[in-house]
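Spelled out, the chains give:
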Amino acid sequence: MSALQPISQAAKSLFYALFNLLWGDLITIPLPGGSSVGISLLILILIPAGIYFTVRTRFLPFRLFPDMLKVATEKRDLSRNHAISGVQALIISTATRVGMGNLVGVVAAISAGGAGAVFWMWVTALLGSSTAFAEGTLAQLYKEKDPLYGGFRGGPAYYIHRLFSKDGKKRSAIAMLFALSGLICWCGISQVIGNSVSSSFYNAFGVPPLYSTLLLVAVAAVIVLRRNATVRVLDVIVPFMSGLYFLITLFIIVRNAAQLPAVFSRIFSEAFGLRQVAAGGFGAVLMNGVKRGLFSNEAGSGSAPCAAAAADIDSPAKEGLLQAFGVFIDTIVICSCSAFIMLLTPDGLTDGLAGMDLLQTAMRHHMGDFGVIFIAVVLWLFSFSTFIGILFYARPNVAYLFGDNWTSQTLYKLLALAMLFAGGLAAYTFVWDLGDMGIALMTIFNMIALIPLSKEAIAALREYEHGRKK
């Protein structure tokens, strides 16, 4: 054992060196007033990509927003051979986008960067919509039949494969690395989900972590171990939880309508204000908003295309528009709900608090003890739907790595359930970091193919627009 210890320590050091390269500040830009902006490699990839796709699609989030609404409200066709509709694919991707980050992540961004972070979160989401369109459209263009679950499957591993596999048969190394990174990432997320659910239920109800975790794992197992139960369950949970959170927030906003002008004034003044620059805080305002926008909606990471590929829809660009709309739902709607709950709370009530305690205190101010219970229940729904959604994402990636067999599919589901259980009982920082590493590598491998193949997504958009005019 002692002989292996230096090797283990060296591997861990190498891991965190790579982790810091991906997530740490790769470059630092000085600003007036003594502040600075640290920019990580992921931000250097995702922000320019969002600008690139926004320009290439001729500002799609603004120009085609009515089309997003139209496609999202189109009458669904009956699923054929277990295929899902475009809207069902949107629901699955929304289930995974809308999670703990929409609650605690937004609160943390405002705590660290102030109200101005909300504005930059909105800007980043609008850029991310164009990226989401490109990867969702490509997922449709390169989808294939799914012999195990029926319907279709695909995602970045499949369009990366088409780009780099010379004969179209031999598996691509980059595609395999993407699929493996995804499976690692989703195991790490499972741990975070288990821990956040058990913690919130203990804080709200005093329920021991073991009991809440056992309930979560049991309910999740009943759904994910069945062949095609995931989509039916998410069809119910996602609209309910998102709609409920939005309506409660709307109620809070209406009750505090007199404060809204001051809140919006604070958001915009702190986003551009000279006071933040002079105080050396503009970097925190900018980067906390940008990071929350990027890592909440997942645009560019390659996760959502795993659901987009499964849709049976008459135009690839329509699925791209639906995925772009999913970014709007996640960040402009749900993240903004959390932001307004915070900004409509007197500052003195939340001084010295962080994370879930801060959000639950804000909700107690607005709605009494019911608010604390409500946040715990909503977090459970958000986290639960995220878990079963990421196992839907895992399907095509497990198949790409291990072939079409039920054994590998079931083993991965059991591994994720075990991670969910372990996370509910204790926080394993290294596993969480492993999940973060996974999503960072997914983003890099996805972008390697997304940029070169983007011309095909643009061609599909032009074909859609031409057909619409006719």
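Residues numbered from 1 in each chain as written. Predicted model: local features only at pLDDT ≥ 70, side-chain atom pairs only at ≥ 80, totals over all residues. Heavy atoms only, no water.

Engineer: How should I be thinking about the overall build of the protein in this particular structure?
Structural biologist: If you tally the helices and strands in the protein, you get 20 helices and four strands. The proportion of buried residues among the 470 residues of the protein is 57%. Contacts in the protein between residues at least 24 apart in sequence constitute 81% of all its contacts with a sequence separation of at least 6. As presented, the protein carries roughly 19,300 Å² of accessible surface, and 67% of it is formed by carbon and sulfur atoms. (Helix = DSSP H or I, 4+ residues; strand = E, 2+ residues; numbered from the N terminus. Buried < 20%, exposed > 50% of the residue type's maximum accessible area, 1.4 Å probe, protein only. Contact = heavy atoms within 4.5 Å. Areas by Shrake-Rupley, 256 points an atom, 1.4 Å probe, with all protein chains shown as cover.)

Engineer: Please clarify how the packing of aromatic side chains should be interpreted in this entry.
Structural biologist: Remark: the centre distance and the inter-plane angle together describe each pair of aromatic rings, the angle taken between the planes. Scanning the model with the defined rule gives 17 aromatic pairs in all. For the ring pair Tyr149 and Trp406, a centre distance of 5.0 Å and an interplane angle of 75° mean the geometry is edge-to-face. Here Tyr149, found in the loop between β3 (144–145) and β4 (152–153), pairs with Trp406, found in helix α19 (residues 406–425); they are 257 residues apart in sequence, far enough to count as distant. Three or more aromatic residues link up through ring pairs in this structure, and these residues are Phe119, Trp120, Trp122 and Phe268. The ring of Phe152 carries the charged tip of Lys143 above its face, separated from the ring centre by 4.2 Å. Of note, Arg395 hangs over the ring of Tyr149, and the distance from its end group to the ring centre comes to 3.8 Å. (Phe/Tyr/Trp six-rings, centres within 6.5 Å; stacked < 30°, edge-to-face > 60°. Lys NZ or Arg CZ within 6 Å of the ring centre and 35° of its normal.)

Engineer: Explain the nonpolar core to me, please; I cannot follow it from the model alone.
Structural biologist: Looking at soluble globular proteins, one finds that nonpolar side chains tend to be buried together. Membership of the largest hydrophobic core comes to 124 residues, with the highest contact counts inside it found for Trp186, Tyr245 and Phe387. Looking at this core element by element, the count peaks at 19 residues for helix α18 (residues 369–402). Once residues within four sequence positions are removed from consideration, Trp186 is found in contact with Ser303, Cys306, Ile390, Tyr393, Ala394, Asn397, Tyr412 and Met442. (Core = buried A, V, L, I, M, F, W, Y, C linked by side-chain atoms within 4.5 Å.)

Engineer: Is there a simple way to think about helix α12 (residues 260–272) in this case?
Structural biologist: Think of an α-helix as 3.6 residues a turn; residues three or four steps apart then line up on the same face. Over its 13 residues, α12 runs 19 Å from end to end, which matches the ideal 18 Å to within 8%, given 1.5 Å per residue. Every buried residue of α12 is listed here: Leu260, Val263, Ile267, Glu270 and Ala271. Take α12 and look down its axis: the buried residues cluster within an arc of 115°, on one side only. Turned more than 90 degrees away from the buried face of α12, the exposed residues are Pro261 and Ala262. (Expected span 1.5 Å × (residues − 1). Arc of directions from axis to C-beta.)

Engineer: Looking at this structure, I do not really get the pattern of salt bridges. What am I missing?
Structural biologist: Two side chains carrying opposite charge are able to pair once their charged atoms lie near each other. In the structure shown here, the tally under the stated rule is eight salt bridges. Across the salt bridge formed by Arg58 and Glu465, the nearest N and O atoms sit 3.0 Å from each other. Of this pair, Arg58 sits in the loop between α2 (41–56) and α3 (60–63) while Glu465 sits in helix α20 (residues 429–469), and the two are 407 residues apart along the sequence. The class of Glu465 is buried, set by a relative accessible area of 6%. Its salt-bridge partner being Arg153, residue Glu144 comes within 3.0 Å of it at the nearest N-O pair. (Salt bridge = Lys/Arg side-chain N within 4 Å of Asp/Glu carboxyl O.)

Engineer: Just to check I follow, could you spell out the side chain of Lys318 for this structure?
Structural biologist: Topologically, Lys318 is positioned in helix α16 (residues 316–343). Not counting chain neighbours up to four residues away, the residues in contact with Lys318 comprise Val71, Glu74, Ile313 and Tyr464.

Engineer: Any chance you could explain the packing of helix α11 (residues 230–255) against α18 here in plain terms?
Structural biologist: Describing two packed helices takes the angle between their axes plus the distance from one axis to the other. α18 packs onto α11 with a crossing angle of 145° between their chain directions and a minimal axis gap of 10 Å. With respect to the hand of their crossing, α11 and α18 are arranged in left-handed fashion. Every residue of α18 that contacts α11 at Thr230, Val231, Val233, Leu234, Ile237, Val238, Phe240, Met241, Leu244, Tyr245 and Ile248 is listed here: Phe374, Ile375, Val378, Leu381, Phe382, Phe384, Ser385, Ile388, Gly389, Phe392 and Arg395. Across the contact of α11 with α18, the residue classes tally to 18 nonpolar, three polar and one charged. (Axes fitted to C-alpha atoms, helices over the stretch in contact; angles between N-to-C directions. Left-handed = near helix turned anticlockwise from the far one by under 90°. Nonpolar A, V, L, I, M, F, W, Y, C, P; charged D, E, K, R; others polar.)

Engineer: What should I look at first to understand the environment of Phe430 in this one?
Structural biologist: Its place among the elements puts Phe430 in helix α20. Taking C-alpha positions, Phe430 is 9.0 Å from Gly188, a pair spaced 242 residues apart along the chain. Apart from the residues lying within four places of it in its own chain, the contact partners of Phe430 are Phe15 and Tyr16.

Engineer: Explain a nonpolar patch on the surface here, please?
Structural biologist: Among the surface-exposed residues, Leu18, Leu21, Leu26, Ile27, Ile29 and Leu44 lie close enough to one another that they form a single nonpolar patch of about 450 Å² accessible area. Elements with a minimum of two residues in the nonpolar patch: α1 (5–23) and β1 (27–30). A residue is classified by how much of its surface remains accessible, and Leu44, at 33% relative accessible area, is partly exposed. (Patch = residues over 30% accessible without salt bridge, like charges linked within 9 Å, V, L, I, M, F, W, Y side chains within 5 Å.)

Engineer: When you look at the environment of Leu214 in this model, what are you seeing that I'm missing?
Structural biologist: With respect to the helices and strands, Leu214 occurs in helix α10 (residues 209–224). On the accessibility criterion, Leu214 (40% relative accessible area) is partly exposed. Once the C-alpha coordinates of Leu214 and Ser198 are considered, the two residues, 16 residues apart in sequence, prove to be 9.7 Å apart.

Engineer: Explain the packing of α18 against α19 here, please?
Structural biologist: Look at α18 against α19: their axes get within 9 Å of each other, and the N-to-C directions meet at 140°. The angle between the axes of α18 and α19 places the two elements in the oblique class. Crossing geometry of α18 relative to α19 is assigned as right-handed. When α18 is examined against α19, the residues Phe387, Leu391, Ala394, Arg395, Val398, Ala399 and Phe402 are found in contact with a partner set consisting of Ser408, Gln409, Tyr412, Lys413, Ala416, Leu417 and Leu420. Here the contact of α18 with α19 is built from residues that sort into 10 nonpolar, two polar and two charged. (Parallel < 35°, antiparallel > 145°, perpendicular 65-115°, else oblique.)

Engineer: How do you make sense of the state of the cysteines when you look at a structure like this?
Structural biologist: Here a disulfide denotes one covalent bond, and it connects the sulfur atoms of two cysteines. Tallied over the entire structure, the rule returns zero disulfides. With no disulfide partner, Cys185 has as its closest neighbouring cysteine sulfur the one in Cys187, 9.4 Å distant. Overall, the relative accessible area of 1% leaves Cys185 in the buried class. When its relative accessible area of 8% is taken as the criterion, Cys187 is described as buried. (Disulfide = S-S within 2.5 Å.)

Engineer: It is not clear to me how unusual backbone geometry should be interpreted in this structure. Could you clarify?
Structural biologist: Trans peptide bonds make up most of the peptide bonds, and negative phi angles are found at most residues other than glycine. With a phi close to 60°, Arg58 is a non-glycine residue in the positive phi region. Although it is not a glycine, Phe59 sits at a positive phi angle of roughly 60°. Inspection of the secondary structure assignment puts Phe59 in the loop between α2 and α3. The exposure class assigned to Phe59 is partly exposed, which follows from its relative accessible area of 45%.

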